[in-house]
Amino acid sequence: MWKAEDSLELYGIEKWGNGYFSVNDKGDIVIMPGKEPSSSVDVMDLIEEIEKSKDLEFPVLLRFPQILENRIDEITGAFLASIKEFSYQGTYQPIFPMKVNQRKEVIEYIIKYGAKYGIGLEVGTKAELLAALSLGLPREALLICNGYKDEDYLRLALSIHNVNNIVIVVDLFEEIFDILKYAGQMGIAPRLGMRIKLFSRGSGRWVESGGEAAKFGLATGEALELLRILEERGLKESLKMIHFHIGSQITDIRTIKNAMNEAARIYAKARKMCDIEYLNVGGGLSVDYNGSNTATPSSANYTLREYANDVVYTIQKICDDEDVPCPTIVSESGRAIAAYHSMLIFKTIGRKNDKNSFLRSPKEEDPIQIDDLCSAFKEINLDNYKEHYHDALQYRDELYDSFNLGNIGLEERAKGETLFWMVCRKAAFLAKQAEDESEEFQELKKLVSQKYIGNFSLFQSVPDMWGVEQIFPTIPLHRLNEMPSERGRIVDITCDSDGEIKRYAGDSEGLEYLDMHTLLENEDYYLGIFLLGAYQDTLGDFHNLLGCAHEVHVMSDGADWYICQKVEGDTCRKLLDFFNYETKDYIWEIMDRCVDKHLSIPKKELEQIEAQLNRTLKGYTYFITKPNDKKEKEKEMGCSVIRN
Ligand SMILES: *Cc1c(COP(=O)(O)O)cnc(C)c1O
């Protein structure tokens, strides 16, 4: 018998879930925002609530603010524990880099939950700075300004120097002249940081952001020149921070050790020249998306605690060696804070090249082979799959013979075929479980895989899956106490052949197929894509004019949970407006054209066109299933409700 624990293992949930996700006895995914089983959310209860609500439709993006809180606690906790362990003579402060997720609600949660650790923000553009300023960051919290800075950016940052704890990081050497010029004009003593270029390069996908050829950062000669310029102007006190960032998702701990060594040495040397307060180690802390615990691009070969230990220990050792005071350590772990807190839920809306329909039980008058196939489907297991598969081949042949002799009809033939393929899919799954590499079953595995259409847009909701082929765990959300018997791949509803999930979590390279369950006739099948909180929310595009999904924010409170916030997704109207189709006049224009062209369209038809245009414009951009359901129900109840 297949149990929930088997699914836990099959989908590697504990390997990539970091303790936030599990499966309950009902076979449903549960979310534990605080990692406590006593305070968990059964995702199917949540789905039921969403299905019942009038204003929501799938796909829906779920956010768990408490996961953000837990991540901030864990990351800060790891640094504080390392500081204690090595008796480090300094403190630690977390920073959230806004480019990882600029959503207002997300930043608000982070500021709120991180306040106890004095969490600050890092911004990379004017617009991000404006956004950050609107969010009520406490006065002491660091607000680090990075990126290319024009006059407006610099003047804005300088003008609020005394209201916020701004540090302007010199990312490019030339910037220092502008900064000093405007600061002088404005009569402000700036607080500055200096981004350094390390020789150590990152590894993995984003290596280009580090190393000698990096876009940002000062070479050694430039750094020395900067110190000289500040000294000359009597502004040595202004330099508060040394910063580096060798790239995101650094999957190999050795890279981090090397970079830390180099950066700490640079800090120590510079510290002898002026009173630098902070050493900012940037981002890069990896998230193990595929749960393989390796240095492959979607993973990491180290733990959070190892990371914190390496950072703290290396700085400590080098500061001792060089006999300089230890800095306040600042880190900008964006991905590691944000990734886990959100997931997308979508439904399948059908299969491509359907090899069968739904499971139906056999009738009295059905031929014996249908009964046999049905039993084979029910009884097949790890011990007898070969036998049952071979039997099924025989039943199928017998059925075709019967058909050719005119003994059975098309309907029975169809039923038999359906059942035959269902047995095949289970046999293929079991062969995989049994690590059966025989040619017969290898062939079968290929034969039985199918494409499922998921009601979502990969380009909108998981852009890195398309852009950089990153793996995001994608799994069924229910029926996990049933043995999955289908091998599938999921395609989205864009018309792009790239809109397909090509890799599934499971091993370091990612699996080619997802194990799924037979679709049932009257039941929706729900899937989730996990770990979407970092970079995906704002990188997404409007391919095929599919817009933002509805959002539901969920808090758990002991045994209870509640929806604390809903954010409406895009309507077709909003997207058309965004791309300059002015929907204010849009209906009018179309109707005008309908009337104008001497098509003599009857009035009733014109009314229908107008009503449907109105309705579609107001609707969600994704495949809608709800209104039709409701209409059906209304019909059943014998009442007609006029909708606008
Ligand atoms: C992007 C970026 C980060 C965030 O990196 P993560 O790997 O997401 O933690 C931090 N600091 C700077 C300067 C960045 O550009």
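What counts as what
- Residues numbered from 1 in each chain as written.
- Predicted model: local features only at pLDDT ≥ 70, side-chain atom pairs only at ≥ 80, totals over all residues.
- Heavy atoms only, no water.
- Helix = DSSP H or I, 4+ residues; strand = E, 2+ residues; numbered from the N terminus.
- Phe/Tyr/Trp six-rings, centres within 6.5 Å; stacked < 30°, edge-to-face > 60°.
- Buried < 20%, exposed > 50% of the residue type's maximum accessible area, 1.4 Å probe, protein only.
- Lys NZ or Arg CZ within 6 Å of the ring centre and 35° of its normal.
- 1 Å grid on protein atoms, 1.4 Å probe; cavity = no way out; pocket = protein on both sides within 12 Å on 5 of 7 lines; lining within 4 Å.
- Points joined across faces, edges and corners; volume = space filled by probe spheres on them.
- Nonpolar A, V, L, I, M, F, W, Y, C, P; charged D, E, K, R; others polar.
- Domains from an automatic or database assignment.
- Buried area = accessible area lost by both parts, 1.4 Å probe.
- Salt bridge = Lys/Arg side-chain N within 4 Å of Asp/Glu carboxyl O.
- Polar contact = N/O pair within 3.5 Å; in protein donor to acceptor, adjacent residues only side chain to side chain.
- Patch = residues over 30% accessible without salt bridge, like charges linked within 9 Å, V, L, I, M, F, W, Y side chains within 5 Å.
- Areas by Shrake-Rupley, 256 points an atom, 1.4 Å probe, with all protein chains shown as cover.
- Lys, Arg positive; Asp, Glu negative; His and termini not counted.
- Charge placed at Lys NZ, Arg CZ, Asp CG, Glu CD.
- Contact = heavy atoms within 4.5 Å.
- Axes fitted to C-alpha atoms, helices over the stretch in contact; angles between N-to-C directions.
- Parallel < 35°, antiparallel > 145°, perpendicular 65-115°, else oblique.
- Left-handed = near helix turned anticlockwise from the far one by under 90°.
- Pairing = 2+ DSSP bridges.

## Describing unusual backbone geometry
Step number 1: Cis geometry marks the peptide bond from Phe-58 to Pro-59; its omega dihedral reads 5°.
Step number 2: Note that Pro-59 resides in the loop between helix H3 (43-52) and strand S4 (60-63).
Step number 3: Backbone geometry places Arg-479, a non-glycine residue, at a positive phi of 60°.
Step number 4: Along the polypeptide, Arg-479 turns up in the loop between strand S15 (474-476) and strand S16 (486-491).

## As for the packing of aromatic side chains
Step number 1: For the structure shown, the criterion picks out 24 aromatic pairs.
Step number 2: Ring geometry for Tyr-109 against Tyr-113: centres 6.4 Å apart, planes inclined by 10°, an arrangement best described as stacked. In this pair, Tyr-109 and Tyr-113 are both assigned in helix H5 (residues 104-114), 4 residues apart and thus about one turn of the helix distant.
Step number 3: Classification of Tyr-109 by relative accessible area gives buried; the value is 9%.
Step number 4: Every member of this aromatic cluster is reached through a ring pair, and the members are Trp-16, Tyr-20, Phe-21, Tyr-340 and Phe-530.
Step number 5: One cation-aromatic arrangement involves Lys-426 over Phe-377; the distance from NZ or CZ to the ring centre is 3.9 Å.
Step number 6: Between Arg-489 and the ring centre of Tyr-513, over which it is positioned, the NZ or CZ distance is 5.5 Å.

## Considerations on empty space enclosed by the protein
Step number 1: A complete count under the given rule lists 5 cavities of 30 Å³ or more for this structure.
Step number 2: As a volume, the largest cavity reaches approximately 120 Å³.
Step number 3: Every element with two or more residues in the lining of the largest cavity is listed here: S4, helix H17 (458-461) and helix H19 (536-539).
Step number 4: In the lining of the largest cavity, the residues fall into 3 nonpolar, 3 polar and 4 charged.

## Quick notes on the domain arrangement of the protein
Step number 1: For the protein, the assigned domains are domain 1 (4-64 + 342-353 + 449-554 + 562-570), domain 2 (86-332), domain 3 (360-447) and domain 4 (573-618).
Step number 2: When each unit is reduced to the centre of its C-alpha atoms, the spacing between domain 1 and domain 4 is 35 Å.
Step number 3: If you sort the residues of domain 1 by the area they bury against domain 4, Phe-542, Leu-545 and Asp-570 come out on top, with a joint share of 95%.
Step number 4: For the pair domain 1 and domain 4, the interface holds 1 salt bridge.
Step number 5: For Asp-570, the salt bridge is made with Lys-574, and the minimal N-O distance between the two is 3.3 Å.
Step number 6: Between the two partners, domain 1 and domain 4, sit 1 residue pair in polar contact (both at pLDDT 80 or more).
Step number 7: For the side of domain 1 that touches domain 4, the residue count by class is 3 nonpolar, 1 polar and 1 charged.

## Structural notes on a negative patch on the surface
Step number 1: Together, Asp-577, Glu-582, Glu-589, Asp-592 and Asp-596 make up a negatively charged patch on the protein surface.
Step number 2: In terms of residues, the negative patch owes the most to one element, helix H21 (residues 583-596), which gives 3 residues.
Step number 3: If you trace the backbone, Asp-577 turns up in helix H20 (residues 572-578).
Step number 4: In this structure Asp-577 comes out as partly exposed when scored by relative accessible area, which is 37%.

## As for the environment of Val-552
Step number 1: Along the polypeptide, Val-552 turns up in strand S20 (residues 550-557).
Step number 2: Distance in space between the C-alpha atoms of Val-552 and Arg-63 is 6.3 Å, their sequence separation being 489 residues.
Step number 3: Residue contacts for Val-552: discarding those within four places in its chain leaves Ile-50, Leu-56, Val-60, Leu-61, Leu-62, Arg-63, Ile-563 and Gln-565.

## Concerning the packing of helix H13 (residues 368-379) against helix H15 (residues 410-433)
Step number 1: Between H13 and H15, whose axes approach to 9 Å, the crossing angle comes to 20°. With respect to H15, the element H13 is oriented roughly parallel. Between H13 and H15 the crossing geometry is left-handed. Each of Ile-370, Leu-373, Cys-374, Ala-376 and Phe-377 in H13 lies in contact with H15, whose residues at this interface are Glu-412, Lys-415, Gly-416, Leu-419, Phe-420, Met-422, Val-423 and Lys-426.
Step number 2: Class assignment of the residues belonging to the contact of H13 with H15 gives a composition of 9 nonpolar, 1 polar and 3 charged.

## Quick look at the environment of Thr-583
Step number 1: Within the element layout of this structure, Thr-583 appears in helix H21.
Step number 2: With 496 residues separating them along the chain, Thr-583 and Ser-87 place their C-alpha atoms 64 Å apart.
Step number 3: Those residues in contact with Thr-583 that lie beyond four places of it in its chain are Arg-573, Leu-576, Asp-577 and Leu-617.

## Overview of the sheet that holds strand S12 (residues 328-331)
Step number 1: Taken in spatial order, the 8 strands line up as S5-S6-S7-S8-S9-S10-S11-S12 and close into a barrel, and their pairing is parallel. Pairwise comparison of adjacent strand axes, ignoring direction, gives a mean angle of 25° for this sheet.
Step number 2: Two elements, strand S5 (residues 92-97) and S12, share 3 bridges in a ladder whose sense is parallel. The residue bridging Tyr-92 from the neighbouring strand is Ile-329, located in S12.
Step number 3: Packed on one face of the sheet, helix H7 (residues 151-159) meets strand S6 (120-123), strand S7 (142-145) and strand S8 (165-170) and runs near 145° to S8.

## Considering the pattern of salt bridges
Step number 1: If you walk through the whole model with that rule in mind, you get 40 salt bridges.
Step number 2: Linking Glu-108 and Lys-104 is a salt bridge whose minimum nitrogen-to-oxygen distance equals 3.3 Å. Of this pair, Glu-108 and Lys-104 both sit in helix H5, separated by 4 residues, roughly a single helical turn.
Step number 3: Put simply, Glu-512 and Arg-489 hold a salt bridge, and the shortest N to O gap is 3.9 Å. One end of the pair, Glu-512, is in the loop between strand S17 (500-501) and strand S18 (514-516); the other, Arg-489, is in strand S16, with 23 residues separating them in the sequence.
Step number 4: Given the relative accessible area of 41%, Glu-512 is considered partly exposed.
Step number 5: Owing to a relative accessible area of 17%, Arg-489 belongs among the buried residues under this scheme.

## Remarks on the sheet that holds strand S1 (residues 21-23)
Step number 1: Strand order in the open sheet formed by 3 strands is S1-S2-S3, with antiparallel pairing between adjacent strands. Of all the strands in the sheet, just S1 and strand S3 (41-42) have a single pairing partner and so form its edges.

## Things to note about the environment of Gly-147
Step number 1: You can see Gly-147 is positioned in the loop between S7 and H7.
Step number 2: Taking relative accessible area as the criterion, Gly-147 reaches 6% and is therefore assigned buried.
Step number 3: Apart from the residues lying within four places of it in its own chain, the contact partners of Gly-147 are Gly-124, Asp-171, Glu-175 and Phe-216.

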